[in-house]
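# Coordinate analysis (summary)
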Amino acid sequence: MSETKRLQEIASQVRRDIVRMVHAVQSGHPGGSLGCADLLTALYFNILDHNPKDFDIKGNNEDVFVLSNGHISPVFYSVLARSGYFPVSELATFRKLNSRLQGHPATKEKLPGVRVASGSLGQGLSFAVGVALQKKLDQDSKTVYVNLGDGELQEGQNWEAIMFAAHNKIDNLIATVDFNGQQIDGSVEEIMGFKELRTKFEAFGWLVMDMDGNNMEQILEVMQEAKEQTGNQKPIVVLMKTEMGAGVDFMMGSHAWHGIAPNDKQLQDALAQLPETLGDY
Amino acid sequence: MIHSKDIKESKDTRSGFGAGLLELGKQNKDVVALCADLTGSLKMDAFKEAFPERFVQAGIAEANMIGMAAGLASGGKIPFTGTFANFSTGRVYDQIRQSVAYSGKNVKICASHAGLTLGEDGATHQILEDIGMMKMLPGMTVINPCDYNQTKAATLAIAEHQGPVYLRFGRPKWPIFYPETEKFVIGKAWQIKEGSDVSIFATGHMVWEAIKATEELEAEGISVDLINIHTIKPLDNEAVLKSLHKTKCMVSAEEHNRIGGLGDSLAQLAASSFPCPQEYVAVNDSFGESGTPDELLVKYGLTAKNIVAAAKKALARK
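How each quantity is defined
Residues numbered from 1 in each chain as written. Chains lettered and ligands numbered in written order. Predicted model: local features only at pLDDT ≥ 70, side-chain atom pairs only at ≥ 80, totals over all residues. Heavy atoms only, no water. Buried < 20%, exposed > 50% of the residue type's maximum accessible area, 1.4 Å probe, protein only. Helix = DSSP H or I, 4+ residues; strand = E, 2+ residues; numbered from the N terminus. Pairing = 2+ DSSP bridges. Salt bridge = Lys/Arg side-chain N within 4 Å of Asp/Glu carboxyl O. Axes fitted to C-alpha atoms, helices over the stretch in contact; angles between N-to-C directions. Parallel < 35°, antiparallel > 145°, perpendicular 65-115°, else oblique. Left-handed = near helix turned anticlockwise from the far one by under 90°. Contact = heavy atoms within 4.5 Å. Buried area = accessible area lost by both parts, 1.4 Å probe. Polar contact = N/O pair within 3.5 Å; in protein donor to acceptor, adjacent residues only side chain to side chain. Nonpolar A, V, L, I, M, F, W, Y, C, P; charged D, E, K, R; others polar. Domains from an automatic or database assignment.

## Some remarks on the pairing of strand 5 (residues 108-112) of chain B
Along any regular strand, the residues point their side chains to alternate faces of the sheet. All names here are of chain B. Among the 5 residues that make up strand 5, 5 are buried, leaving the element largely enclosed by the rest of the structure. Going residue by residue along strand 5, you find Lys-108, Cys-110 and Ser-112 tucked away on one face and Ile-109 and Ala-111 tucked away on the opposite face as well. With 5 bridges connecting them, strand 4 (residues 78-84) and strand 5 associate as parallel partners. Residue pairing in the sheet places Gly-82 in a bridge with Cys-110 of strand 5.

In C-alpha cells:
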C-alpha cells in the first residue's frame, strides 16, 4: 500500500471518530475538524518526529505541534489517540464530566499530547513562537508546527506574533492556516475578509506556500518542501485550502456545520460515506 | 522594630527587580527575560547586556509576549516578562488566563509602575485593579514587595518556585528597610513588630506608611502588631489569624482599589475563621490622576495619617 493510501485510510477512521464523538455528546465542532483531518493525520502519522508512547510535555528534541484553533479538538484527540498518545477507548469520554478530553484542549487533566490550552482564539501562534525560541536557545534542531484557523487570523495577537517571528528570523516554525473560508457568522470574506492573505504574509516577511489541505499527496509534498525551507531565516506559512466538513457531503459547502452535532440519521449518513479502516472506538 | 528616622537610603523597587534579575541570569541559565519596549523603565538593561542571547525584545506587543513566555516555559525555560503593571495584567488577561495559568506554565509576570505612585502619567497607567485580577486566577502566586531589598529577594525566590507568579512593584524611590540578608519565603508574612491592640497588615509601598503610623500609634500608647503581607496569594493564614487572636481588630493598607485587593483577602479569611472589625486603607473604587506620588497618596488617603485614623476607628469598634 502506498503511503498516501495508508494515510487516507487512517484519515477516514479519524473522520468517523470525529462525527461519532460529536454525535455522542451532541456538541462540538465537526466542520473544521473534518476539514483538517487530512493535515493532522499526515502530521501525526508521517511528518512529525515525536514520541507518542512516552509523552513529555516539554517536547525537547522532538517536533512540537500546537493547535491554535482549539475548537477542532475532535480531530486533535482522534489523531492523538490513534497515534498512541492515549487509549482510543478514551475518545468516548469527549466533553463528558471528569474527562481528560475537554471541550477545548487543556493540560490541566494531563491528557498526553496536549502542551497548552487553546480555545480562546489567537494565542497559539505566540505560544509556538515561544517554543521555537526555546528550541533555538537549547540548540534543539526539531521543528515547531502550529495550525491556525482562517477566521482566527482576525485576532490581532496573531499579527503581533507574525511581526515578531519575521523580525527575529524564527525559521524553525511552520504554520498552517486552515483556509476553509468559513466562520461562525458566515463566510470569512463576508465577515472580515483577508482578500490577499498571501501578500499580507509576504509583506510581513514570511515564506508563503499553498496547498490543497484535503489532498493527501499534496499535503505530503508541500509539507516536505516546507520542512526543507526551515533554517532559511524566515518563518514559513502554508495556506491550506480546505473544505469545511470535508468527507461528509452534507456538511460541506457552508459554515452551517461549524459547531453543531449530527442527529442519529445524519450520523448514519455520514458514517456510510466513511469506511471503517482501523475499527471504531 | 524599625525606626523610620534611622532609615536613610531610598531606591526604587523596580531597581530591586533589575538587580535580582541580573543575579538570576548568572545563577540559572534557564532564566530568560522578555520585555515590551520598556527595558530601561523595568531596569532590565543590565540583564540584556550581560545575557543578550537570553533577552527577548517583544516590542509593543504584550499579548504576544505573554504567549511566547508560555511557549518558552513549556520547553523548560523560566521566562520573566517585564512591562508596566497595567500592560502586564488587564491588557493581557486572557493570554495569562489561558496560555499561562490554565496551562500551568512557569511564567513570572513582573510588573512595574503599579498603583498611584507612578505619578504624573496619570490614570491610564496607574492600575489599581491588578492584584484582584491576578489573585482570582487559580494557581497564580501574587507578590507585592515593599522596598528595594524585598523586591530583589522576591525576584530571586520566584525563580525557584514552580508555577506562574505575578510580581508587582513600582516606580518611585522608596525607603529601604527590609534586611538585606533576610531570606524571602513566598507565602510567609514578615512580622515587623509584635503588639496587642491592633493588627496592621500592609503590602507594597504602604508598608513604609504603616511603619510611620505604628510609631505614631505607639507614641500614643496603642500597641500595634505590624505585619507585612508581601505574598497576597497564597495568604499566610496562620500569621494573620495568630495576630487577630491577639488584637481582635485590624487595618489593611495597600496601594490598590479597596475592591479585590489585600483587604478583601483578609476580610474573607477573617469572616470564615475569626470575624473582627476591619478598616481599609486603599483607593475607594476610583481611578487615579496625574500628580506627584506624594500628592496622590495624600489625596487618595494612602498615608501614615490615614492608617493611624483607621487603626483608632478599628480599635473603637472592638
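## With respect to the pattern of salt bridges
All names here are of chain B. On inspection of all chains with the given rule, the structure shows 35 salt bridges over all chains. Taking the shortest distance from any N to any O, the salt bridge between Arg-54 and Glu-53 comes out at 4.0 Å. Notably, a salt bridge pairs Lys-188 with Asp-236, separated by 4.0 Å at the nearest N-O pair. Of the two residues, Lys-188 is situated in the loop between strand 8 (173-175) and strand 9 (190-193) and Asp-236 in the loop between strand 12 (231-233) and helix 9 (237-247); the sequence distance between them amounts to 48 residues.

## Side note on the packing of helix 1 (residues 3-25) of chain A against helix 3 (residues 37-47) of chain A
Residues and elements named next belong to chain A. Contact pair helix 1 / helix 3: the axes reach a minimum separation of 9 Å and the direction vectors enclose 120°. Of the possible angle classes, the one that applies to helix 1 and helix 3 is oblique. In this structure, helix 1 crosses over helix 3, and the sense of that crossing is right-handed. Where helix 1 abuts helix 3, its residues Glu-3, Arg-6, Leu-7, Ile-10, Ala-11, Val-14, Arg-15 and Ile-18 lie against Ala-37, Asp-38, Thr-41, Ala-42, Phe-45 and Asn-46.

## Describing the interface of chain A and chain B
The interface is formed by 28 residues belonging to chain A together with 27 residues belonging to chain B. Where chain A abuts chain B, roughly 2,100 Å² becomes buried across the two surfaces, and 55% of that area is made up of carbon and sulfur atoms. Contact with chain B buries area across many residues of chain A, yet Gln123(A), Leu137(A) and Glu160(A) alone supply 25% of it, more than any other trio. Scanning the region where chain A abuts chain B turns up 1 salt bridge. In this structure, the connection of chain A to chain B is made through 14 residue pairs in polar contact (both at pLDDT 80 or more). Elements supplying a minimum of two residues to the side of chain A that touches chain B: helix 5 (124-137) and helix 6 (156-167) of chain A. Broken down by element, the residue count for the side of chain A that touches chain B peaks at 8 residues, all from helix 5 of chain A. Residues belonging to the side of chain A that touches chain B are distributed by class as follows: 11 nonpolar, 11 polar and 6 charged.

## A word on the domain arrangement of chain B
Residue and element names in this part refer to chain B. The domain boundaries assigned to chain B delineate domain 1 (10-175) and domain 2 (190-316). Put simply, the middle of domain 1 and the middle of domain 2, counted by C-alpha atoms, are 25 Å apart. Contact residues are listed per partner, giving 33 residues for domain 1 and 33 residues for domain 2. At the boundary of domain 1 with domain 2, total buried surface from both sides reaches about 2,600 Å², with 60% on carbon and sulfur atoms. A per-residue breakdown of the area domain 1 buries against domain 2 is headed by Leu-116, Leu-128 and Trp-174, which together make up 26% of the total. Scanning the region where domain 1 abuts domain 2 turns up 25 residue pairs in polar contact (both at pLDDT 80 or more).

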